[in-house]
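Here's the letter readout for the chains.
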Protein chains: 2
Amino acid sequence: MSLVKLYDTTLRDGTQGEDISFLVEDKIRIAHKLDEVGINYIEGGWPGSNPKDIAFFKEIKKEKLSQAKIAAFGSTRRAKITPDKDQNIRTLIQAEPDAITIFGKTWDFHVREALRIPLEENLELIFDSLEYLKSRAPEVFYDAEHFFDGYKANPEYAIKTLKAAEQAKADCIILCDTNGGTMPFELAQIIKDVKKHIKTPLGIHTHNDSECAVANSLHAVEQGIVHVQGTINGFGERCGNANLCSIIPALRLKMGKECISAEQLRKLRDLSRFVYELANLSPDKHQPYVGNSAFAHKGGVHVSAIQRHAETYEHLRPELVGNTTRVLISDLSGRANILAKAEEFNINLDSKDPVTLDILDNIKDMENRGYQFEGAEASFELLMKRALGTHRKFFSVIGFRVIDEKRHEDQKPLSEATIMVKVGGKVEHTAAEGNGPVNALDNAIRKALEKFYPRLKEVKLLDYKVRVLPAGQGTASAIRVLIESGDKESRWGTVGVSDNIIDASYQALIDSIEYKLHKGEEGEAGKK
Amino acid sequence: MSLVKLYDTTLRDGTQGEDISFLVEDKIRIAHKLDEVGINYIEGGWPGSNPKDIAFFKEIKKEKLSQAKIAAFGSTRRAKITPDKDQNIRTLIQAEPDAITIFGKTWDFHVREALRIPLEENLELIFDSLEYLKSRAPEVFYDAEHFFDGYKANPEYAIKTLKAAEQAKADCIILCDTNGGTMPFELAQIIKDVKKHIKTPLGIHTHNDSECAVANSLHAVEQGIVHVQGTINGFGERCGNANLCSIIPALRLKMGKECISAEQLRKLRDLSRFVYELANLSPDKHQPYVGNSAFAHKGGVHVSAIQRHAETYEHLRPELVGNTTRVLISDLSGRANILAKAEEFNINLDSKDPVTLDILDNIKDMENRGYQFEGAEASFELLMKRALGTHRKFFSVIGFRVIDEKRHEDQKPLSEATIMVKVGGKVEHTAAEGNGPVNALDNAIRKALEKFYPRLKEVKLLDYKVRVLPAGQGTASAIRVLIESGDKESRWGTVGVSDNIIDASYQALIDSIEYKLHKGEEGEAGKK
């Protein structure tokens, strides 16, 4: 197996993405995760550009990494000065990284318009900077910015810039698709041409502006490139950088390239979610390999086939990247989906059992009325428990009233709910305010029940979605409410449908609370 | 320029995606948008699989499309029966589409394991089904399911299945990467091989499980394929289908292929957002070409270069796909949008007029609070009228109260609203019931105002959408309500945002009524 080195730039180029901002502590934690998963190089930042990045290089020195090397990023020297006088280059050396990566201009248009120097002088910038750094850092890499655009505009000059880097003995020359506009068939051809002129090991750095960043990176490896730059989850400016979470499994499982180990690959999904978590972003459900939906099946045809042979509709075993197959419940589903779902919840259903048919009929009927159990698996579990008679009634709601009142033209409406519940013969009657009727009702229900079930205090309402069906009748139509709740351990979704939004919300709220109470029971039973 | 036909399957394969569910009315609206943008074929559904899809084909017949053809999807006949006896095939013909697409098995493994019939018999299934349909539909397409996996497993058999389709005179044979696992360099090579054996025009249908769906589709076109299937925004099962929003601009702007017109291409971003809106999903900011961040620049180096020459860090001009450059630090964008929008509404705004700057500031502030004017252009027009002083106050709401009450455990809650409005010095105080608080409030407001403005009786509330932003705080988060209203002549959208759902709904309802009253005034003025 030939070897490919992985170079992560989540902490540098990734932070150029809109919404992405890491504290130094976050960066240190991410660096440890990247190290554990077997990433070879971790580009920590551009020390010449901001003090936060300087702090990272100082802090990371105190940490023990198992194998990863830390790289610092910067640019070639400025015109008219020598490298030893260039502040950016001096800061790079002061950061004392294991590797230094500098970028330089390839595209003649950029040399003229951005640097505003003669083309020859740019070659000197590249050569001088790399030669100076080469004796002052263990490894030195050269990022040829806008390489593909530059090559298309002026191939001879583009190659000259690479030759300058080669003469300065750069350890690797990285071809960058900085604007992300290169088509995969162009890229493969250009790399073939480059290899005729350049003997230094080559790397690839792509952006996703044409939705081709991953394909372009894989093409490059197919053409013999040995160093791949990218970010976790494809974070990065505009449409993002090449997504290492999609590149790594393809390299190992589809192209037979040696990079991280099989054991490390099984941590890929965890790594992806960890980075989302620290960036405070919701994971992309549909993300290839690591997303929640990546191996989720909805169509009845697919589901029954998957039950027999997973490879019929899965391009690889999800366990290899730490993911799992999921079966979705929907109006496209059949009996196979229901049985598979029951199994996930450790509920034994026999396909010939009349209860199974009852559940199936019940679900089809509910789906016709607008219910949807994708994202509402807790409601689905309760439904099965009710059908099987293993459901316990923890409380009953005798009644409630919600009042929204606006008393002046410029005043916002106020919402207040009163509620009466009964638990084991005891009646509780209370009231609460809220931002709108549903929030007020939620507050009141929980206030009433927490007295009897203190563990409800752990529950938080995480998301609340409303969908009107069918359109065409406005607010008088059927309304579907999806609620996502969570506690310290897990998250669960519940659903309610009614022509009345309060009723639909009420159903979903009650399911969420019942699910939590069931979960607590089972947890306690397990402890005995 | 060579011609490529675009085949959209958002309404069929797209709805297999987790979270994606369209009503028949949504599908009709999306079909109109796809038609306007120049999509050649619109696959509306699988009539043999569910009644909702049958309803679509019935309804779409009543609509006038400018150029798009409607396609229905199904499978080859079942084993042991003739096509005329096959319910799935009969339903396809009964749907009376402009084109019929059926899928069949290419992969010997699937024939053995899923169909459980001899390999030869599968060839008969393909031939018989296509031959039967060919004389009963204007165009017939064949989707070769799992083509690439099948070809890798048994190339001879895979080609035989295509030959069966060719002999039955299928108008196009579509090579499907059903599991989405094919690498782009493999795909190009396999298509080269296929073209040695098959003369029928070829199509491509890819999935994004390896994050290569767009690249694979573009490769296929580069290899001479003339029919491309995909979905808007890449909606679809697991990791989605090939994203037409990324494929179309690459075909036209980078590969010189003839498909939609330049004018239609400028509607691409609108189309993308329209489909997100009807799916009730948040648009992906980082989506190539059409996302909010696709041409957003954060890095200082990039920003100053962009100011001088956009092409330094943009792979194409965002205006070509209806998008705009955004500079994240010093936001200079937007003014051009506002002026263009005003022009659409026949409102004269001068870019140097201080009112224009006021509107811009106001909109930015509102957008920061969660407002969104896509799909709420009536609210946007009212906002401009208010800024220009051409807005007339038709009424004021002094106050209201909404009560939702549930008196027994098994009773549905009842909603009642009381309202007090003032019109030209006269006060009206009345009450109404409704299905939930918003419907009750809408009924009460209109009951009070119809007395003064009888033309409000023409208004119908067509759709009501609620979105919670930002997720993570449940029902206490900010809430955005979008309302679509209509009368005999037109439809209009309005928006409201608040941490209180009643308040947000109230804002959108009031805007809808004011818009109708303004519209009436202008109509009457026009008649004089």
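Residues numbered from 1 in each chain as written. Chains lettered and ligands numbered in written order. Predicted model: local features only at pLDDT ≥ 70, side-chain atom pairs only at ≥ 80, totals over all residues. Heavy atoms only, no water.

Draft legend 1. Here's a closer look at the overall build of chain A. Scanning chain A for helices and strands turns up 18 helices and 16 strands. Along the three orthogonal principal directions, the C-alpha set of chain A runs to about 85 × 60 × 55 Å. A burial count over chain A gives 62% of its 528 residues as buried. Once local pairs closer than 6 in sequence are excluded, the contacts in chain A between residues at least 24 apart make up 66%. On chain A, roughly 20,200 Å² of surface is accessible, and the fraction owed to carbon and sulfur atoms is 48%. (Helix = DSSP H or I, 4+ residues; strand = E, 2+ residues; numbered from the N terminus. Buried < 20%, exposed > 50% of the residue type's maximum accessible area, 1.4 Å probe, protein only. Contact = heavy atoms within 4.5 Å. Areas by Shrake-Rupley, 256 points an atom, 1.4 Å probe, with all protein chains shown as cover.)

Draft legend 2. Broad picture of the UniProt feature "domain: Pyruvate carboxyltransferase" (unreviewed entry) in chain A. Here, the residues flagged by UniProt with the feature "domain: Pyruvate carboxyltransferase" (unreviewed entry) are residues 4-266 of chain A. End-to-end, the C-alpha atoms of residues 4-266 of chain A are 18 Å apart, and along that stretch the chain is 44% helix and 17% strand. (UniProt positions renumbered as here; feature names shortened; annotations may be inferred.)

Draft legend 3. Focus on the environment of Ile-174 of chain B. Residues and elements named next belong to chain B. Position of Ile-174 among the secondary structure elements: in strand 6 (residues 172-177). Along the chain, Ile-174 and Val-226 lie 52 residues apart, while their C-alpha atoms are 9.7 Å from each other. Those residues in contact with Ile-174, other than ones at most four positions away along the chain, are Phe-141, Tyr-142, Asp-143, Ala-144, Gly-203, Ile-204, His-205, His-227 and Gln-229.

Draft legend 4. The confidence of the model for chain A, seen in detail. Residue and element names in this part refer to chain A. Here chain A shows a mean pLDDT of 88. Residues at 70 or above account for 92%. Considering only residues more than four positions removed or in separate chains, one finds that residues 471-475, a stretch of pLDDT under 50, has 21 contacts. Between residues 523-528, whose pLDDT stays under 50, and residues either more than four places distant or in other chains, the model counts 1 contact. (pLDDT = per-residue confidence, 0-100.)

Draft legend 5. Quick peek at the sheet that holds strand 8 (residues 227-230) of chain A. Residue and element names in this part refer to chain A. Taking strand neighbours around the barrel as the criterion, the 8 strands line up as 1-2-3-4-5-6-7-8 in a closed arrangement whose pairing is parallel. Averaged over all adjacent pairs, the angle separating strand axes in this sheet is 25°, with direction ignored. Bridge count for strand 5 (residues 139-145) against strand 6 (residues 172-177) is 4 bridges, and the pairing is parallel. Across the sheet, the residue bridging to Tyr-142 is Ile-173, located in strand 6. (Pairing = 2+ DSSP bridges. Axes fitted to C-alpha atoms, helices over the stretch in contact; angles between N-to-C directions.)

Draft legend 6. Focus on empty space enclosed by the protein. Residue and element names in this part refer to chain B. Using the criterion set out here, one finds 1 cavity of 30 Å³ or more in the structure. By volume, the largest cavity is sized at about 40 Å³. Glu-277, Asn-280, Lys-465, Val-466, Arg-467, Arg-480 and Leu-482 are the residues that line the largest cavity. Among the elements that make up the lining of the largest cavity, the one with the highest residue count is strand 14 (residues 460-469) (3 residues). Residue classes in the lining of the largest cavity are distributed as 2 nonpolar, 1 polar and 4 charged. (1 Å grid on protein atoms, 1.4 Å probe; cavity = no way out; pocket = protein on both sides within 12 Å on 5 of 7 lines; lining within 4 Å. Points joined across faces, edges and corners; volume = space filled by probe spheres on them. Nonpolar A, V, L, I, M, F, W, Y, C, P; charged D, E, K, R; others polar.)

Draft legend 7. Structural context of the packing of helix 8 (residues 184-197) of chain A against helix 9 (residues 213-222) of chain A. Residues and elements named next belong to chain A. Contact geometry of helix 8 with helix 9 gives a least axis separation of 9 Å together with a crossing angle of 25°. The angle between the axes of helix 8 and helix 9 places the two elements in the roughly parallel class. Two packed elements cross with a definite hand, and for helix 8 against helix 9 that hand is right-handed. Judged by residue contacts, Pro-184, Leu-187, Ala-188 and Ile-191 of helix 8 engage Asn-216, His-219 and Ala-220 from helix 9. (Parallel < 35°, antiparallel > 145°, perpendicular 65-115°, else oblique. Left-handed = near helix turned anticlockwise from the far one by under 90°.)

Draft legend 8. Seen up close, the pairing of strand 1 (residues 5-8) of chain A. Residues and elements named next belong to chain A. As defined by bridge partners, strand 1 adjoins strand 8 across 4 bridges and the pair is classed as parallel. Counted as the bridge partner of Tyr-7 is Gln-229 from strand 8. Of the strand pairs in this sheet, strand 1 and strand 2 (residues 41-45) are connected by 2 bridges, and their pairing is parallel. Bridging across to strand 2, Asp-8 finds its partner in Ile-42. After leaving strand 1, the chain enters helix 1 (residues 24-37) and then returns to the sheet as strand 2, a path that is right-handed. (Right-handed = clockwise from strand over helix to strand, strands pointing away.)

Draft legend 9. Examining the interface of chain B and chain A more closely. Listed by partner, the interface residues are 117 residues for chain B and 115 residues for chain A. Taking both partners together, chain B and chain A bury about 10,000 Å²; carbon and sulfur atoms supply 51% of that area. At the boundary of chain B with chain A, the tally comes to 4 salt bridges. Arg-401 of chain B is the partner of Glu-405 of chain A in a salt bridge, and the nearest nitrogen-oxygen pair spans 2.9 Å. Here chain B is connected to chain A by 25 residue pairs in polar contact (both at pLDDT 80 or more). Top contributing element to the side of chain B that touches chain A by residue count: strand 11 (residues 396-406) of chain B, with 11 residues. Grouping the constituent residues of the side of chain B that touches chain A by class yields 43 nonpolar, 40 polar and 34 charged. (Buried area = accessible area lost by both parts, 1.4 Å probe. Salt bridge = Lys/Arg side-chain N within 4 Å of Asp/Glu carboxyl O. Polar contact = N/O pair within 3.5 Å; in protein donor to acceptor, adjacent residues only side chain to side chain.)

Draft legend 10. Broad picture of the side chain of Asn-88 of chain B. Residue and element names in this part refer to chain B. Mapped onto the fold, Asn-88 is located in helix 3 (residues 87-94). For Asn-88, a relative accessible area of 13% corresponds to the buried category. Engagement of the side chain of Asn-88 in a polar contact is seen with the side chain of Trp-46, the distance being 3.4 Å. Not counting the four nearest positions on each side in its chain, Asn-88 is found in contact with Trp-46, Gly-74, Ser-75 and Thr-76.

Draft legend 11. Highlighting helix 7 (residues 155-167) of chain B. For helix 7 of chain B, built from 13 residues, the straight-helix expectation of 18 Å at 1.5 Å per residue is met to within 8% by its first-to-last C-alpha distance of 18 Å. Residues Tyr-157, Ala-158, Ile-159, Thr-161, Leu-162, Ala-164 and Ala-165 of chain B constitute the buried set of helix 7 of chain B. (Expected span 1.5 Å × (residues − 1).)

Draft legend 12. How the structure looks around the packing of aromatic side chains. Residue and element names in this part refer to chain A. Taken as a whole and assessed by the stated rule, the structure comprises 28 aromatic pairs over all chains. Note on Trp-107 and Phe-109: the rings are 5.3 Å apart at their centroids and 50° apart in plane angle, and the pair reads as tilted. Per residue, the accessibility class of Trp-107 equals that of Phe-109, and both read buried. Geometrically, the ring pair formed by Phe-400 and Tyr-506 is tilted, given 5.3 Å between the ring centres and 45° between the ring planes. In this pair, Phe-400 is assigned in strand 11 (residues 396-406) and Tyr-506 in helix 18 (residues 501-527), connecting sequence segments 106 residues apart. Residue Phe-400 shares its accessibility class with Tyr-506, and that shared class is buried. (Phe/Tyr/Trp six-rings, centres within 6.5 Å; stacked < 30°, edge-to-face > 60°.)

Draft legend 13. Representation of the pattern of salt bridges. All names here are of chain A. Taken as a whole and judged by the stated rule, the model has 59 salt bridges over all chains. Residue Lys-61 pairs with Glu-96 through a salt bridge whose shortest N-O separation is 3.9 Å. Of the two residues, Lys-61 is situated in the loop between helix 2 (51-60) and strand 3 (69-75) and Glu-96 in the loop between helix 3 (87-94) and strand 4 (99-105); the sequence distance between them amounts to 35 residues. Taking the relative accessible area as the measure of exposure, Glu-96 reaches 51% and is therefore exposed. Between Arg-77 and Asp-128 there is a salt bridge whose closest N-O contact spans 2.8 Å. Here the residue Arg-77 occupies a position in the loop between strand 3 and helix 3, and Asp-128 occupies one in helix 5 (residues 119-134), the gap between them amounting to 51 residues.

Draft legend 14. Geometry of the sheet that holds strand 12 (residues 414-423) of chain A. The antiparallel open sheet is built from 6 strands, whose spatial order is 13(A)-12(A)-11(A)-11(B)-12(B)-13(B). Single-partner strands in this sheet number two, and they are strand 13 (426-434) of chain A together with strand 13 (426-434) of chain B. Between one strand axis and the next, the sheet turns by 10° as a mean value, whatever way the strands run. The pairing of strand 11 of chain A with strand 12 of chain A spans 9 bridges and is classified as antiparallel. Residue Glu-405 of chain A lies in a different strand from strand 12 of chain A, and its bridge partner there is Leu-414 of chain A.

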